[in-house]
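# Observations on chain architecture
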Amino acid sequence: RELTRPGVMVGKLRYNAPEQVRDRALDGRSDLFSLGVVLYEMLTGRRPYDTQRGSLLEAVRVICEDAPAPLSGAWPGPV
């Protein structure tokens, strides 16, 4: 039984890979992308993409077209 189907979004948009958001074929790289987003969030306390600032279409555009925030700029400064 397949858990994913074309045209049906599974999971949280903010963790989806661009090809998943675009409803393209998925493979293990999509899972690695999601893992990278989780690790980025664990290290910095925020996500690499700002998907909260607008509509669903704006969030999709950000994930597919914008570069992620570099870790060096997201890292908390010295205490």
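Now for a look at the structure at hand. (Residues numbered from 1 in each chain as written. Predicted model: local features only at pLDDT ≥ 70, side-chain atom pairs only at ≥ 80, totals over all residues. Heavy atoms only, no water.)

## Points about the packing of aromatic side chains
Scanning the entire structure with this criterion turns up one aromatic pair. On the numbers, 6.4 Å between centres and 25° between planes, the contact of F33 with Y49 is stacked. Of this pair, F33 sits in helix α2 (residues 28–44) while Y49 sits in the loop between α2 and α3 (56–65), and the two are 16 residues apart along the sequence. Since its relative accessible area comes to 24%, F33 is described here as partly exposed. (Phe/Tyr/Trp six-rings, centres within 6.5 Å; stacked < 30°, edge-to-face > 60°. Helix = DSSP H or I, 4+ residues; strand = E, 2+ residues; numbered from the N terminus. Buried < 20%, exposed > 50% of the residue type's maximum accessible area, 1.4 Å probe, protein only.)

## Structural notes on the side chain of T44
In this structure, T44 sits in helix α2. A polar side-chain atom of T44 sits 2.8 Å from the main-chain carbonyl oxygen of Y40. Within the structure, T44 has its side chain in polar contact with the backbone oxygen of R46 (distance 2.9 Å). (Polar contact = N/O pair within 3.5 Å; in protein donor to acceptor, adjacent residues only side chain to side chain.)

## Focus: the pattern of salt bridges
A side chain of one charge can pair with a side chain of the opposite charge if their charged atoms are brought near each other. On inspection of all chains with the given rule, the structure shows five salt bridges. In this structure, E58 and R61 form a salt bridge, with 2.9 Å as the shortest nitrogen-oxygen distance. Remark: R61 and E58 occur in helix α3; sequence separation between them is three residues, near one turn of the helix. According to the relative accessible area criterion, R61 is partly exposed, its value standing at 29%. Two residues, E65 and R61, come together in a salt bridge whose shortest N-O distance is 3.7 Å. (Salt bridge = Lys/Arg side-chain N within 4 Å of Asp/Glu carboxyl O.)

Geometric values such as these leave the question of function open.
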